Amino acid sequence: MKSLLTFLFSFCLFFAAVAKDGYELWLDYRPLENANLKTEVDRLFSGVFFFGQSPTYEIIRKELEISSQQMIEKAPVFSMERLAKTQVWMGTREELSQVLGLDQQVQIRELGEDGYWRGPIDFQGKTYYAIVGNRPVGVLYGVFDWLKSIQTETFNPKTEKSDSPKVKLRMLNHWDNLDRTVERGYAGFSIWDWHKLPGYIDPRYIDYARANASLGINAVSLTNVNANARILTTDFMKKAKVLADLFRPYGIKVFLTARFSAPMEIGGLKTADPLDPAVSEFWKKKTDEMYSFIPDFGGYLVKANSEGQPGPHEYQRNHAEGANVLADALAPHGGILIWRAFVYSHEIDEDRHKQANLEFEPLDGKFRDNVIIQVKNGAIDFMPREPFHPLFGAVKNTNLGMEFQITQEYLGQATQLVYLAPMWEEVLRSQTYRPTPNSTVAGIIDGTDSGQKLTLMAGVSNIGTDRNWTGHLFGQANWFAFGRQAWDPYLTSAEVAEEWIKMTFGQKPEALVKIKEIMLESREAAVNYMTPLGLHHIMGRSHHYGPAPWVEGGRADWTSLYYHLADSLGIGFDRTGSGSNAIAQYAPEIAKAWSDPNQIPEKYLLWFHHLPWDFKLKSGKTLWEGIGLHYDLGVKTARKMEADWKSLEADLDSEQFDHVRQLLAIQVQEAEWWRNACLLYFQTFANRPFPAEIEKPEGDLEYYKSLDFPTAPGIRPRW
Ligand code: BDP
C-alpha cells in the first residue's frame, strides 16, 4: 500500500513537472531550440548591468532569472560594473545619459513616460545591448518585449526597436464583489482575498501583476461596478493599500469603484445630492484619506443611474453634476474619475440604444478635465456583434474611453473558444466620420482624432481563481489581446494571435497555422450560431447562458422580444427614421447609407431594420433562408474548429490538448443548441420550411424552452 502511494505521489510530481496546467500564462518560457539564438542569449545573459536602482529593477532581475533558467537552463549573471564582462545595459535615459548620444536621448525622451528603446550601443570599441526607458517601468516594458522577441524567435541583437503606448490608461475592470463572487466571472472566485488582507499576501497577486506588466496594462479597478460602499471604509483602504504597494513597481495603479450613495451608507449623511456641501465634503475627506494610504491612487470608477444603481438623477442632477463632485475631490491628488456611459432606464420611453447619447451629448464640455466617460463598444451591451457606440464621434469636449468586455458574458462564457480581438479590431477601425471624415474609433480614444490627452481603454476582466486564471485556456488569449490592443489599438488580431500562440504553445509551424485559423474564425462562427445578420439580445434570461429568443415578460428591455420583434411579417428592430431613429445619432454619412437595407453592411441588417421574411439578401437568398444558412454555417465552423484541434494532438502538451478538446466538444453542442432553438423559434413566425441545404434542427421547441440552468455561473448574488 505504502509503495503504491509513493508511486502515485512521484507520478503526480512527475506529471506536474511536465504537464501544462495554464498557470504560467504566456510567460511560460520554453527551452530555446534555435542554436544560434541560444548562443546569443547565453552571451547576453552572461553580463547584465543596471545603471540605477529601483524596485522595478528587482522585478526585472527576477524575470531574467526565471526566463534564463527556462530558456537556457542557466542563471543570468548580473554585473557589478558597467564595462568589464558586461553585455546588456539597462536603465533610464537619465541614468544612461553618459553613454547615450544627444540625438538618442532626444529620441528616447519623445517616447514618453511608458515608452522604451532597445538596441545596440557602441561604446569605447565594444557593442552593448541596451534597454532604456524614461522611467524604470519603461525599462520593464522593454525587457518584456525583448523576452517576447526571444520566445517568438524574432530577436535580432543588431536592430533597434522603440515603442510606446498609444493609450495612457490601459486598464482592467474587475467585476469582483467583496464576498469573492465575480459578476459575469466564469473562472472561479475573485483572486482578491479581502478577508485575509491586509495580513496575507497571496503569491497570485504578484503573478497577476507580472502578467499585466508584460502586456503594458497599467491600471486596475479592483471591484464591481455594481459597487459596495464598504470598499471606501478605512478597513478596506488598508487592504487595498497592500495591493497598491505590490502593484506599484509593476507600473500598475489601483482604482476602486465608488457607490454614488456612499455618503449615506458609510458617511452617515441623509443625502448623496452632489450639490449638497456636506456631500462634497464627504467625498473630499474620503479621497484625502484614500491618498493617505495610497499616494498614487488612480481614482474612482462609477456606474450611476443604471440598472438600479444610485446616481445623481435621484436628486434631479445630471451626470456631469454627479461626476464633477467626485472629480473635484480627486483633482488635487492628480486622480481620475471614470464615469460610465452605460446608462439606460426602462422608465424612459426611448429605444435603449439611444439613451446614452440622449444623456451625454447635451453635457458635452460640462465635465471636469480629469473625468473620462467610459463607453461600451456598442450601445446595447457587449453583444457578439454591435455597431460602434454612437457616442464615439458625437462629442467634442469630453474625454471618451473605451470599455470592452474580456469576460465572455455573451460570447460563450468559459465553455467556448472565442477569440475576441477580431471584434475589438472591427470596432476600433470603424469609421465615425466625426470629428473628421477619416476619424475612427481608435483615433478618438487614443486622441489622434479627438485631441484628448487623457486616454483610456478598459477591459472587463475574465480572471478568477481557476488554476489557469481564465477558465478556458483560450480566455488567456483574450486577456493578452486586450493588453496588446490597449497598448496599440492599431495592431491586427492576426499578429496578436501569432504572438500569443508562439508564447503559449511554442514554435511548431503546423500548430501555429491551425491554431491561428481556429482563433481567427472563432468570433464570426459565434456570431453566426448565436446572432447572425444583426440579431441581438436573444440569450437566456439573467444568467445569459445559451439561446432564449422567447424571453418575454418583466422589464421589457431585458427581454428578447424587445430586440428581435419577430412577427408573421418579418423580423428586426427598426432604428431608421421610420422607427426609433437611433441611426440619426451617427454621422450623416453613416445614417444615410445604413438607412437603406440594401446598402447597410448585412452584418448590421436586423440591428437597424425590420424586414419581411422574403427580403432579398445580397446572396439572392431570402432573409429567412439567409438566417438559416448563417446559423448552420456557425455550427459547421465550430465542428471544423474541433476537428482542426484534434489533428494537433501530437504537437501539443497533453493537458492543454485535452482541456481544449473537451471544451470544443461542448462548444459544438452549444452551437447546435443555439441554431436549433433559434431556428425552431423563428420558424413559428416565418412559417416557412428550412432551406434545403441546412441540417434540420432536431428536437422540438418545447424541449429547448424547458431547459433550465440554476447553477449557471457569474450571476450577481442578488439576482
Ligand atoms: C451587463 C451585465 C451586468 C453588468 C452590466 C454593466 O449583464 O451584470 O452589471 O453589464 O456593465 O452586461 O454594468
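As recorded in an unreviewed UniProt entry, the protein chain goes by the name Xylan alpha-1,2-glucuronidase, listed as coming from Algoriphagus lacus. Annotation of the protein chain in UniProt includes, under Subunit (unreviewed entry), the sentence "Homodimer." Under the heading Sequence similarities (unreviewed entry), UniProt records this for the protein chain: "Belongs to the glycosyl hydrolase 67 family."

As summarised here, the arrangement of the eight strands in space is β6-β7-β8-β9-β10-β11-β12-β13, forming a closed barrel in which the pairing is parallel. Averaged over all pairs of adjacent strands, the angle between strand axes in this sheet comes to 25 degrees, irrespective of strand direction.

This brings us to the domain arrangement of the protein chain. The domains assigned to the protein chain are domain 1 (31-162), domain 2 (169-492) and domain 3 (527-573 + 610-706). Using C-alpha coordinates to define each centre, domain 2 is positioned 31 Å away from domain 3. Listed by partner, the interface residues are 27 residues for domain 2 and 27 residues for domain 3. Taken together, both faces of the contact between domain 2 and domain 3 bury some 2,200 Å²; the carbon and sulfur share is 58%. At the boundary of domain 2 and domain 3, one finds zero salt bridges.

What follows deals with the packing of helix α6 (residues 203-215) against helix α14 (residues 475-487). A pair of packed helices can be characterised by two numbers: the angle between their axes and the separation between those axes. In contact at an axis separation of 8 Å, α6 and α14 are set at 45 degrees when each is read in the N-to-C sense. Accordingly, the angle class assigned to the pair α6 and α14 is oblique. Mapping the contact onto sequence places Tyr 208, Ala 211, Asn 212 and Leu 215 in α6 and Trp 479, Phe 480, Gly 483, Arg 484 and Trp 487 in α14. Partitioned by chemical class, the residues of the contact of α6 with α14 number six nonpolar, two polar and one charged.

Further remarks concern the site of the ligand. The immediate surroundings of the ligand are formed by 15 residues, with Glu 183, Lys 303, Arg 340, Asp 381 and Glu 409 found nearest. Arg 184 is positioned with one of its side-chain polar atoms (N or O) 2.9 Å from an oxygen atom of the ligand. Take Tyr 410: an N or O atom from its side chain is 3.4 Å from an oxygen atom of the ligand. Starting from 320 Å² of accessible surface for the ligand in isolation, the protein chains cover 99%. In terms of residue class, the shell around the ligand is built from four nonpolar, two polar and nine charged.

This next bit is on unusual backbone geometry. Note that the residue after Leu 197, namely Pro 198, is joined by a cis bond; omega there is 0 degrees. Residue position: Pro 198 is located in the loop between β6 (169-173) and α6. Pro 435 follows Arg 434 through a cis peptide bond whose omega is 0 degrees. As for its placement among the helices and strands, Pro 435 is situated in the loop between α12 (421-428) and α13 (441-445). Of note, Gln 124 is a non-glycine position whose phi angle comes to about 45 degrees, a positive value. Following the sequence through the fold, Gln 124 ends up in the loop between β3 (116-123) and β4 (126-133). Even without a glycine there, the phi angle at His 544 is positive, about 65 degrees.

What follows is about the UniProt feature "domain: Glycosyl hydrolase family 67 C-terminal" (unreviewed entry) in the protein chain. The sites that carry the UniProt feature "domain: Glycosyl hydrolase family 67 C-terminal" (unreviewed entry) are, in the present numbering, residues 470-693. The span residues 470-693 is 54% helical and 2% strand by assignment, and the distance between its end C-alpha atoms comes to 38 Å.

Along the chain, Tyr 208 falls in helix α6. In this structure Tyr 208 comes out as buried when scored by relative accessible area, which is 0%. Residues Tyr 208 and Val 48, spaced 160 residues apart in sequence, show a C-alpha to C-alpha distance of 26 Å. With sequence-adjacent residues up to four places away left out, Tyr 208 is seen in contact with Leu 172, His 174, Ile 191, Trp 192, Val 220, Phe 247, Ile 463, Trp 469 and Trp 479. Polar contacts involving the side chain of Tyr 208 include one to the side chain of His 174, which spans 2.7 Å.

This next bit is on the nonpolar core. Membership of the largest hydrophobic core comes to 216 residues, with the highest contact counts inside it found for Trp 146 and Phe 247. Per-element accounting of this core gives the leading share, 14 residues, to helix α21 (residues 654-686). Not counting residues up to four positions away in its chain, the partners in contact with Trp 146 are Leu 44, Phe 45, Leu 64, Val 88, Met 90, Arg 118, Tyr 129, Ile 131 and Phe 155. Counting residues in each nonpolar core, the second largest holds 14 residues, with Phe 51, Trp 89, Ile 121 and Tyr 128 among its members.

Moving on, we get to the environment of Ser 580. Tracing the chain through its elements places Ser 580 in the loop between β14 (570-571) and α18 (588-595). Between the C-alpha atom of Ser 580 and that of Phe 608, which follows or precedes it by 28 residues, the distance is 9.2 Å. When sequence neighbours within four positions are dropped, the list of residues in contact with Ser 580 reads Asp 351, Lys 354, Phe 573, Asp 574 and Arg 575.

Parameters and conventions
- Residues numbered from 1 in each chain as written.
- Predicted model: local features only at pLDDT ≥ 70, side-chain atom pairs only at ≥ 80, totals over all residues.
- Heavy atoms only, no water.
- UniProt positions renumbered as here; feature names shortened; annotations may be inferred.
- Pairing = 2+ DSSP bridges.
- Helix = DSSP H or I, 4+ residues; strand = E, 2+ residues; numbered from the N terminus.
- Axes fitted to C-alpha atoms, helices over the stretch in contact; angles between N-to-C directions.
- Domains from an automatic or database assignment.
- Contact = heavy atoms within 4.5 Å.
- Buried area = accessible area lost by both parts, 1.4 Å probe.
- Salt bridge = Lys/Arg side-chain N within 4 Å of Asp/Glu carboxyl O.
- Parallel < 35°, antiparallel > 145°, perpendicular 65-115°, else oblique.
- Nonpolar A, V, L, I, M, F, W, Y, C, P; charged D, E, K, R; others polar.
- Near = heavy atom within 4 Å.
- Polar contact = N/O pair within 3.5 Å; in protein donor to acceptor, adjacent residues only side chain to side chain.
- Areas by Shrake-Rupley, 256 points an atom, 1.4 Å probe, with all protein chains shown as cover.
- Buried < 20%, exposed > 50% of the residue type's maximum accessible area, 1.4 Å probe, protein only.
- Core = buried A, V, L, I, M, F, W, Y, C linked by side-chain atoms within 4.5 Å.

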